[in-house]
Amino acid sequence: MLPENKTVAIVGGGPGGLTLARLLQQKKIHVQVYERDADQHARVQGSPLDLHQDSGLAALKEAGLMEEFKKSFMPGADREKIMNEKAEVLFSDHHSKEEENFSHEHFRPEIDRGVLRKILLASLEPDTVVWNSHFLSMESQETGWLLHFKNRPPVYADLVIGADGANSKIRPHLTDIRPFYTGITMLEGNIPDAAQSAPQISELLGGGKIMAFGDNRNILIGQKGNGEIGFYASFRAPEDWKTATGMTHPDPAHVLEWFRTAYPGWSSIWEELFTSADLPLIPRPVYCMPLDQHWEAQPNLTMLGDAAHLMPPFAGEGVNMAMLDALELSRVLLPDDHTDLHRAIRCYEESMRKRASVIAAESLENGEKMHAGNALQTMVQMFSSF
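Everything numeric in this text was worked out from a predicted model, so none of it was measured. (Residues numbered from 1 in each chain as written. Predicted model: local features only at pLDDT ≥ 70, side-chain atom pairs only at ≥ 80, totals over all residues. Heavy atoms only, no water.)

Engineer: Describe the overall build of the protein, naming the residues involved and giving the relevant values.
Structural biologist: Assigned secondary structure in the protein consists of 13 helices and 17 strands. Radius of gyration (C-alpha) of the protein: 21 Å, near the 21 Å computed for a compact globule of 386 residues. Principal-axis analysis of the C-alpha atoms places the extent of the protein at approximately 65 × 45 × 40 Å. Buried positions account for 55% of the 386 residues belonging to the protein. Within the protein, counting contacts between residues at least 6 apart in sequence, those at least 24 apart form 73% of the total. Accessible surface for the protein amounts to roughly 17,500 Å². Of this, 48% is attributable to carbon and sulfur atoms. In the protein, 36 side chains carry a positive charge and 53 a negative one; their mean positions are 2 Å apart. (Helix = DSSP H or I, 4+ residues; strand = E, 2+ residues; numbered from the N terminus. Rg over C-alpha atoms; globule rule 2.2 N^0.38 Å. Buried < 20%, exposed > 50% of the residue type's maximum accessible area, 1.4 Å probe, protein only. Contact = heavy atoms within 4.5 Å. Areas by Shrake-Rupley, 256 points an atom, 1.4 Å probe, with all protein chains shown as cover. Lys, Arg positive; Asp, Glu negative; His and termini not counted. Charge placed at Lys NZ, Arg CZ, Asp CG, Glu CD.)

Take a look at the structure:
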């Protein structure tokens, strides 16, 4: 359906964009990925990713990358502890959950973001990713688009796919719908060499994950690759919280004082997170696209992942939805599936918006539960029933 002599430009080299590039190259479609990072060695930010059977893992399977994934995932990193503010464990599956069970429909193996990127990059043809490509703008030209980048000549593409995340510069070419603030802010931290720098937290974590709840606030902690630990302090706050507070200033004493004030009554054990983390901590206000969003499909432009359907992280579905987008979009672009590209994109977008809306609603609901007064009891009951 997409002629062999046509070119596809994917703006953004995250999991969704790279997965799509791999799937398209398998179908002999010419594709280039334009990524803002300076090179493939740039540090990949964020917590590990848990991939799900019918989305993220399904995309990797179709891409022929499951064996590489199985060699590289983090066994046991999906194990969970639920704790109260006193660091007392109320639920743990550390002794009951298998480290590897790919045949189970609810198995959600974790992988470090940087490791997943390496797997996807290694699967692509040489020079597929054009690094250091800071996208600036684009305009219609002929039947496609002329894309402009910082310090790089413009390039033409017959089809452009925005995979450039929450602050997408591609999205405004499709719709002026904007995300809304959910009322929740997450303060992100990272602890290098955690076994030495944060021994109490490292021992509590046991290579898995912790969710601690108390007084409408929570702390989420997870094992990362290379002996690192990532964490989020998550709480309700005004939308301008990150600018109204001095938390972005790298002052350890100020950070610790903030935690003691914002999380009164919480055990001093948790203070090790804030005294051991690299500074500054990163405030991340949580946004979500409207659940009923709609735009008119274009014949030469579409988007996937957070660019299309940004949602809260409280269902663990963001990367999975992006990789499922890539899988479904690659299928509609197959030569025999659709005779009309415009219709193919419309079909993809209608399906994508519908399923993403369902998951986003679940994520919003989970966020409310996790920041409610009875969050601890709710989450213990939920995990105990699995």
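Engineer: Describe unusual backbone geometry, and please don't skip the residues or the numbers.
Structural biologist: In this structure, the amide linkage connecting Leu279 to the following residue, Pro280, adopts the cis form with an omega of 5°. Its location among the elements puts Pro280 in the loop between helix 9 (271-276) and strand 16 (282-288). Of note in this structure, Asp127 is not a glycine but carries a positive phi near 65°. Assignment of secondary structure puts Asp127 in the loop between helix 4 (113-122) and strand 7 (129-130). Owing to a relative accessible area of 68%, Asp127 belongs among the exposed residues under this scheme.

Engineer: How would you sum up empty space enclosed by the protein? Please name residues and give values.
Structural biologist: Counted under the stated rule, the structure contains one cavity of 30 Å³ or more. Reported here for the largest cavity is a volume of approximately 30 Å³. Along the walls of the largest cavity sit Gly46, Ser47, Glu188, Gly189, Asn190, Lys224, Gly230, Phe231 and Tyr232, which together make up its complete lining. Breaking the lining of the largest cavity down by element, the ones donating at least two residues are strand 12 (180-191) and strand 15 (229-236). Across the lining of the largest cavity, the residue classes break down as two nonpolar, five polar and two charged. (1 Å grid on protein atoms, 1.4 Å probe; cavity = no way out; pocket = protein on both sides within 12 Å on 5 of 7 lines; lining within 4 Å. Points joined across faces, edges and corners; volume = space filled by probe spheres on them. Nonpolar A, V, L, I, M, F, W, Y, C, P; charged D, E, K, R; others polar.)

Engineer: How would you sum up the environment of Lys242? Please name residues and give values.
Structural biologist: Mapped onto the fold, Lys242 is located in helix 7 (residues 241-244). Linking Lys242 and Thr185, residues 57 residues apart in sequence, is a C-alpha distance of 8.5 Å.

Engineer: Could you give me a rundown of the pairing of strand 9 (residues 144-149), with the residues and numbers involved?
Structural biologist: In terms of residue burial, strand 9 counts as a mostly covered element, since five of its six residues are buried. Note: strand 8 (residues 135-141) against strand 9, six bridges, orientation antiparallel. Among the inter-strand pairings, Ser140 is bridged to a residue of strand 9, identified as Trp145. Between strand 8 and strand 9, which pair antiparallel and follow one another directly, the connecting turn spans two residues, one of which, Glu142, has a positive phi of 55°. Relative to strand 10 (residues 152-157), strand 9 runs antiparallel, the two being bridged by four bridges. Its bridge partner being in strand 10, Leu146 is matched across the sheet by Tyr156. (Pairing = 2+ DSSP bridges.)

Engineer: Can you lay out the pattern of salt bridges for me, pointing to particular residues and giving the numbers?
Structural biologist: One pass over the structure, following the stated rule, counts 15 salt bridges. A salt bridge links Lys6 to Asp158; the shortest N-O distance between them is 3.9 Å. Of the two residues, Lys6 is situated in the segment before strand 1 (7-11) and Asp158 in the loop between strand 10 and strand 11 (159-162); the sequence distance between them amounts to 152 residues. Between Lys209 and Glu110 there is a salt bridge, with its nearest N and O atoms 3.0 Å apart. In this pair, Lys209 is assigned in strand 13 (residues 209-214) and Glu110 in strand 6 (residues 110-111), connecting sequence segments 99 residues apart. Connected through shared salt-bridge partners, Glu35, Asp37 and Arg117 make up one network. (Salt bridge = Lys/Arg side-chain N within 4 Å of Asp/Glu carboxyl O.)

Engineer: Kindly report on the sheet that holds strand 4 (residues 80-84), identifying the contributing residues and their values.
Structural biologist: Read across the open sheet, the seven strands follow the order 5-4-13-14-15-12-16; overall the sheet is mixed. Two strands bound the open sheet, and with one partner strand each, they are strand 5 (89-92) and strand 16. The average angle at which neighbouring strand axes cross in this sheet is 20°, direction not considered. Pairing geometry for strand 4 and strand 13, over five bridges, is parallel. Looking at strand 13, one finds that Lys81 is bridged to Ile210. Strands in contact with helix 12 (residues 341-370) are strand 12, strand 13, strand 14 (217-223), strand 15 and strand 16; relative to strand 12, the strand with the most contacts, it is inclined by about 70°. Set on the sheet, helix 13 (residues 375-384) makes contact with strand 4, strand 5 and strand 13; between it and strand 4 the angle comes to about 155°. (Axes fitted to C-alpha atoms, helices over the stretch in contact; angles between N-to-C directions.)

Engineer: Give a description of the sheet that holds strand 11 that names residues and reports values.
Structural biologist: Spatially, five strands are ordered 7-2-1-11-17 in an open sheet, and the strand pairing comes out parallel. Two strands lie at the open edges of the sheet, namely strand 7 and strand 17 (301-303), each paired on one side alone. Two strands pair when backbone bridges link them, and strand 11 and strand 17 are joined in this way by three bridges, in the parallel orientation. Within strand 17, the position partnered with Gly162 by the bridge is Met303. Strands in contact with helix 1 (residues 15-26) are strand 1, strand 2 (30-34), strand 7 and strand 11; relative to strand 2, the strand with the most contacts, it is inclined by about 165°.

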